[in-house]
Structure formats: C-alpha cells, structure tokens
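Now for the letters of each chain:
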Amino acid sequence: MLRLAQTLDSQLRSAMERAFPEAGAARLDPQLAPASKPEFGDFQANGALPLAKPLGQPPRQIAQAIVAQLQADPGFQELCLDPQIAGPGFINLTLRPERLAAEVAARLGDSRLGVPQATDGDEPVLVDFSSPNIAKEMHVGHLRSTIIGDALARVLEFRGHPVLRLNHVGDWGTQFGMLITHLKQVAPEALEHPDAVDLGDLVAFYRQAKARFDEDEAFQTTAREEVVKLQGGDSESLKAWQLLCDQSRREFQKIYDRLDIRLSERGESFYNPYLQAVVDDLKAAGLLVVDDGAGCVFLEGVQGKDGRPLPLIVQKSDGGFNYATTDLAAIRWRFAAPPEGDGATRVIYVTDAGQASHFAGVFQVARRAGWIPEGCRVEHVPFGLVQGEDGKKLKTRAGDTVRLRDLLDEAVERAEADLRRRLGEEERQESEDFIQHVATTMGLAAVKYADLSTNRITNYQFSFDRMLALSGNTAPYLLYAVVRIAGIARKGGDLTGSDAAADSLQFSEPQEWALIRELLKFDGVIAEVEEELLPNRLCSYLFELSQVFNRFYDQVPVLKAEGPARGSRLALCRLTAETLKLGLGLLGIPTLERM
Ligand code: ARG
C-alpha cells in the first residue's frame, strides 16, 4: 500500500498546486493519512483545513476545489472512486476495487510481499544486542535484549541492509582479578588442560570468588595484582581469562542455539587498545576536565540535584577506564571507516531502560567529539523490566533468580502438557517426534512472542499461562491461523496454483475486502518497524490479520465456493499464510503446518 499512498500523495499535491497556484507549492501539504474508520474509505487528506486562513476561504470550499482538480486527473480516476468531502473539509478517498485486486495479484507473485528492497547504500547497520557478562549469569534482561535485538536485525536484514549483529559481551574488568585468583587456587590444573576441568556453573563460581574477595584481605590483594598482570598481558593470566571466557561462551551459545540467534562476539576487551586514545582525543578536543582526580566530560543539558552539570566519567582517579570509556571507543570504531572501523551508518543498542542515561551521555560526548558522521544515526532501544505475575522482579518459588535454561525448559514442558491434553481430547494419535517438535516450537515461540508483543518500553509481566493460551494476542493463536490455512490445502484447496492473474480475481464480500485491506498493510508496517524499532507493531498487525482472516474464513465459504470466487478466496488464504509466515519469521518465530 505504500506505493499507492505515494502515488496518491503526489496526485493530491499537484491537484492542490493547480487549484491554488498562488499559495506556493511549499505551503501545500495534502496531509494524507490512513482513514480513521473503514467507512470513510482507505485514506483521508486533511490538507484543506490549514489553508483556510492563508487563502481566506472556507475549508470545505478549498476541499471542493482540490477534488475538482483530482477528478480532472485520469491517473487519479484510475486509482480511486469519487472522493467524498466530510466534516469541515476532510477529503475521504477510497481505492477502486480493481486496483486493490491488482495489488493482491502483484503480491501473490512477489516473495517480498510488497516490501521494497532498501537501496540506500551498502553501509552496515549495527545492532548491539544480547551482550551478557562473562562468568556472570545471562539473566532475563539479556533474554529480552536477545529476542528484541534479533527481531530488529531480521527486519533490517529483510529490508536489504547489511546488518552487523554484535555481542558486546562484558569480558573485561576488575572482576577478572578475583575470578582468575580463585581459579588458580581451586583448579590450577585448568591452566594446563582446559578441557579437563568443567567449572560447571560459572555463576556459582563467580559467587564463591566474590565471597572470598569480600572476606579475605590476602585474596583481595592477590586479586588486585592479578588485574594488573592481566592488563599487562601476562600469559598465564591471559590463559586463565581465556578459559573463563570460553566456559561462559559455551553456556551462552546453548541459549542462542535453542533460540536460533546469530551473533558475532566482539566483547569489551576488543576495545582495550583504543581506550587511552579516546581519553587523549577528548583532551585534545578540549572536552576533558579533571575533577577530583577523575577524567570527566561534563554533559550539556544534564544536571544533577545540585543544579551542576553531570559528568560522564571516562577515566577513574586511579587511572583505570570504565564502561563509558569502552562504549566511547566502541561508538567511534563503529562509525569510523574500515579497515579501522565498521563504517556503519546506523548504530542501535538494545538494553534495559536503566542504561538510558549512560547511552545519552555516551552519544552526546561522541557527537561533540565529532565521531558520529553527518547523516548517521545512533539509537538506544530501551526496554522495561521483566516481572513475575505478582508485579515484582521475576524469581523462582525459592526466591532465586530464574535461570534462562530453566525458563525455556518450562515453557516447552508446559507446551507439551497442553498439547498432550488437547490430543487426548481430540482422540488424536501423533508420533513422539511430532509432539516434541510442536511442543518445542510452541514453547519457544510463546516466550519470544510474549516479549515482542508488548510495547518494549513498559515493564513486562512474564506469565506462562498467558503466553501459551490459544486465544488472544499469543504465539499459539498466530501459529494456529497458519495451521488452519495449511489445513485448507490438505482438504483439497490448491493453494500453490493460486497465483491468479489480476483479471481472474473476483471479490464481492465485505469480509474479503477487509482481509485484502489488511493484507496490503504489510509493507507499511515493516517500514514502521524499521523506522521506530518497535517489534510490537508487527505483532499487533499479525494478530489483527489473523483475526480478520478468521472472520473471513468463518463467514465466507472457501472450499465450497464455485467458479472464480473459489480461486480468488484460496488466493487470499495463501497470501494470508505467506504474510503470517514471513511476519513471524521476521520475529524469529518458525511456523508449523500442523499442531
Ligand atoms: N554487558 C552489558 C550488561 O549486561 C550490556 C552491554 C550493552 N552494550 C553496550 N555497548 N554497552 O548490562
């Protein structure tokens, strides 16, 4: 529909210019928008209203003059029925049914379903997501980042951008001092034979190391010395560090494999060699202020409680660098031209909303330092907390933090129990393979979809019951719509042969037109997600589409229809299935043929 809207927009513009040449083209904006109600047609143009004052005419009269010009345009006549003027001077526009049918026909032969291929260059878009911390737990916040970041990356890739999916893992920092010290003491053999030792639960290992660090002064001293050794490139220390990173990586990878997530790791340590230069360059640019021994850049427009500007600290008073220094080095690298950089034109960070001020500070300093080239975009994509059904932080019954592995297992187990119950009720026999496949797909889809379908900015209440329900805006409901259409094919509706030519498509029922209009919104929704980075828009659309489809299929005969109507309706079924499959695929959710 985007292309049609563009055509319509330029037709309106030139109609306005012809009607009011004296107004000046710059002032003439059709203000074209989707119709606010289906009975108003497809679009409305509100551009007559703001012209009333400058032209000194009643807005309805202006609208009439625009409509008269539209009617004199054969291109417009081909596209729309007669425009209607409503209220104070809105112009309601309805596309001709044959044009809508032609759009349906075009989509049936188009694997991109009307979504244009981006043509604005080969520069990568960079998505920084997931990014857990080595030797620490990958928690539900990282899960959100992983799921949302992956969906955004998929949409951007589908649009044709080269996407760099970067895992900015926390693989550096003073915590490695205590981790390595602990490792050397409890499992010295690990350094010689890394495969011989399974540190198992690294989270527990981290806790032990931390406990010792907190209570044992000698341990603390050794740990501090260990940090210095590591930073100095001591080979033993590096080996131990590598070992810890590898162990963590293996654990993270299990989660990524289950969720079908592709990521390239480029952790914080990658930027170590560039940290000093960041500080030096900020100094040379006159942005660095030493305050209380610490290297700071004072932020413009950001004040603390005392009314003084807040600093972004880039070098601690002991000379060490921090999270912000690393992010400055990273942002600089990401925008810089290759080979000493990624040459990205858009950089997107997916983290919890708690880091919003960190990123605002980093972005501001990078911009003032001149590291973000003209025309390039940098965006923080924040999301809210994951809460339990009680509205508090998500915890296990015993009060511990929830391990991701357990959370995914439970989703799949519950999906399996639901499925077995349903099969029992329907007296269906299915193979064990089928049950495992469906339960795994459903369980993981439910977790992903529940996260993606809420507006990411708000906190999100995690509920297995809600996400696995067969009704409502859930993955099972959408997967079921796809299954239903696959069932039509099994019952003899030939969906594959339905790439009908425009003139063989015939539609008559309001439910058909409603479905067509919904189907044609797909390209607009993708454009919106690409721009606003809100996957829930795509979810709401797919949910709406499934509902409109179900209404159509419940109320209009398809398999029992005859003549051109049957083929036309089957074509709508096929286009619906393809739209749902593609849309869910962009959310990282595979579909099923049966369930
Ligand atoms: N490791 C961080 C955390 O667990 C997230 C990193 C996000 N990316 C970045 N460039 N700072 O909170």
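Residues numbered from 1 in each chain as written. Predicted model: local features only at pLDDT ≥ 70, side-chain atom pairs only at ≥ 80, totals over all residues. Heavy atoms only, no water.

Visitor: Would you mind showing me how to read the overall build of the protein here?
Guide: For the protein, the helix and strand inventory stands at 21 helices and 14 strands. Taking the principal axes of its C-alpha atoms as reference, the protein extends roughly 85 × 70 × 45 Å. Looking at the protein as a whole, 51% of its 595 residues qualify as buried. Looking at the protein alone, contacts between residues at least 24 apart form 72% of all its contacts between residues at least 6 apart. If you sum the accessible surface of the protein, you get close to 27,100 Å²; carbon and sulfur atoms cover 51% of it. Across the protein, the mean location of the 66 positive side-chain charges is 3 Å away from that of the 85 negative side-chain charges. (Helix = DSSP H or I, 4+ residues; strand = E, 2+ residues; numbered from the N terminus. Buried < 20%, exposed > 50% of the residue type's maximum accessible area, 1.4 Å probe, protein only. Contact = heavy atoms within 4.5 Å. Areas by Shrake-Rupley, 256 points an atom, 1.4 Å probe, with all protein chains shown as cover. Lys, Arg positive; Asp, Glu negative; His and termini not counted. Charge placed at Lys NZ, Arg CZ, Asp CG, Glu CD.)

Visitor: I tried to follow the sheet that holds strand β2 (residues 43-45) on my own but got confused; where do I start?
Guide: Hydrogen bonds between backbone groups are what pair the strands of a sheet, and the pairing can be parallel or antiparallel. Judged by pairing direction, the sheet is antiparallel, and its 4 strands sit side by side in the order β1-β2-β4-β3 without closing on themselves. Across the chains shown, the open sheet's two edge strands, defined by having one partner strand only, are β1 (32-34) and β3 (84-86). For this sheet the average axis-to-axis angle between neighbouring strands, irrespective of direction, equals 30°. Examined bridge by bridge, β1 and β2 share 3 bridges and lie antiparallel to one another. When the bridges of β2 are listed, A33 appears paired with Q44. Contacting β3 and β4 (90-93), helix α3 (residues 59-71) crosses the sheet at an angle of about 170° to β3. (Pairing = 2+ DSSP bridges. Axes fitted to C-alpha atoms, helices over the stretch in contact; angles between N-to-C directions.)

Visitor: Help me understand the packing of helix α17 (residues 475-490) against helix α21 (residues 563-586) in this model?
Guide: Pairs of packed helices are described in terms of their axes, by the angle between the two and the distance that separates them. Two numbers describe how α17 lies on α21: the axes approach to 10 Å, and their chain directions differ by 145°. For the pair α17 and α21, the sense of crossing is left-handed. Contacts from L478, L479, A481, V482, I485 and I488 of α17 reach α21 at L570, C573, T576, A577, L580, K581 and L584. Its residues assigned to classes, the contact of α17 with α21 shows 11 nonpolar, 1 polar and 1 charged. (Left-handed = near helix turned anticlockwise from the far one by under 90°. Nonpolar A, V, L, I, M, F, W, Y, C, P; charged D, E, K, R; others polar.)

Visitor: Explain the pattern of salt bridges to me, please; I cannot follow it from the model alone.
Guide: Side chains that differ in charge, positive against negative, can pair when their charged atoms come close. Inspection of the entire model under this criterion finds 44 salt bridges. Of the charged contacts, one joins R428 and E430 as a salt bridge, the two residues approaching to 3.1 Å between their closest N and O atoms. Judged by its relative accessible area of 25%, R428 falls in the partly exposed class. Two residues, R484 and D554, come together in a salt bridge whose shortest N-O distance is 2.6 Å. You can see R484 sitting in helix α17 and its partner D554 sitting in helix α20 (residues 535-555), a full 70 residues away along the chain. Salt bridges here are not isolated pairs; linked through shared partners, they connect D150, R154, E157, R165, D260 and R262. (Salt bridge = Lys/Arg side-chain N within 4 Å of Asp/Glu carboxyl O.)

Visitor: Looking at this structure, how should I read the site of the ligand?
Guide: Neighbouring the ligand are the residues D128, S131, N133, H142, H168, Y323, D327, Y349, T351, Q355 and F359. Contacts to the ligand include S131, whose backbone N or O atom sits 2.9 Å from a nitrogen atom. One nitrogen or oxygen atom from the side chain of D327 is found 2.8 Å from a nitrogen atom belonging to the ligand. Within the complex, the protein chains bury 89% of what would otherwise be the 350 Å² of accessible surface of the ligand. Of all the elements in the fold, those that place two or more residues in the shell around the ligand are α12 (323-335) and β11 (346-352). Residues of the shell around the ligand, tallied by class, amount to 3 nonpolar, 6 polar and 2 charged. (Near = heavy atom within 4 Å. Polar contact = N/O pair within 3.5 Å; in protein donor to acceptor, adjacent residues only side chain to side chain.)

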